[in-house]
Structure formats: C-alpha cells, structure tokens
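Report on the structure
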Amino acid sequence: MNNNNRQSLPEFAPIRDFVKSYIIDVVIYDTNDNIVRRETMDYGKPEDRTWLGKISYWAWSNGHYVETSCKV
C-alpha cells in the first residue's frame, strides 16, 4: 500500500465524523465452527472498537476466526 495516498482511503477517514451509531454482531468460531463467543456492539463507540480489536487479536492468536455482520 502506498502510504502517500493513505489519507484518501475510506478506511482511514475519521469514524467520529460520519458514524454516530452502527450496531454489529461479532461471532467468534473455533476451528470446528463451534461458536466460542457472540456479542453485539456499537462500532460508533471508540471503546467498542477497541474491544473488537482486542477480542479479534485474542481469537486469531488462539486459532479462531471472527465474523462481523451488520445488525439490520
């Protein structure tokens, strides 16, 4: 990825400017597709985004995978 153009990419836009509340489901599965954990979070909240990063790292470090989906 070219770091010079990073600011123009949508994933680097400041979330607080356009997302006030965005509810998503987070499901963590083990290698046998068993659910390890299921949570609903608000991606519009900084503390929830931090939690998602931490739980994702934990899951990946333990051979699990993380699925996120929009709560419609």
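Quick note: structure is the one above.
All values reported here derive from a predicted model rather than from experimental measurement.

Here we look at the overall build of the protein
Scanning the protein from terminus to terminus reveals 1 helix and 3 strands. Listing every helix and strand of the protein by position from the N terminus yields β-β-α-β. When the 72 residues of the protein are sorted by exposure, 24% land in the buried category. Considering only contacts in the protein between residues 6 or more positions apart, those separated by 24 or more positions represent 44%. Carbon and sulfur atoms make up 50% of the accessible area of the protein, which totals about 5500 Å².

With respect to the environment of Asn32
Note on placement: Asn32 falls in the loop between strand E1 (23-29) and strand E2 (35-42). Separated by 32 residues in the primary sequence, Asn32 and His64 have C-alpha atoms spaced 9.1 Å apart.

What counts as what
Residues numbered from 1 in each chain as written. Predicted model: local features only at pLDDT ≥ 70, side-chain atom pairs only at ≥ 80, totals over all residues. Heavy atoms only, no water. Helix = DSSP H or I, 4+ residues; strand = E, 2+ residues; numbered from the N terminus. Buried < 20%, exposed > 50% of the residue type's maximum accessible area, 1.4 Å probe, protein only. Contact = heavy atoms within 4.5 Å. Areas by Shrake-Rupley, 256 points an atom, 1.4 Å probe, with all protein chains shown as cover.

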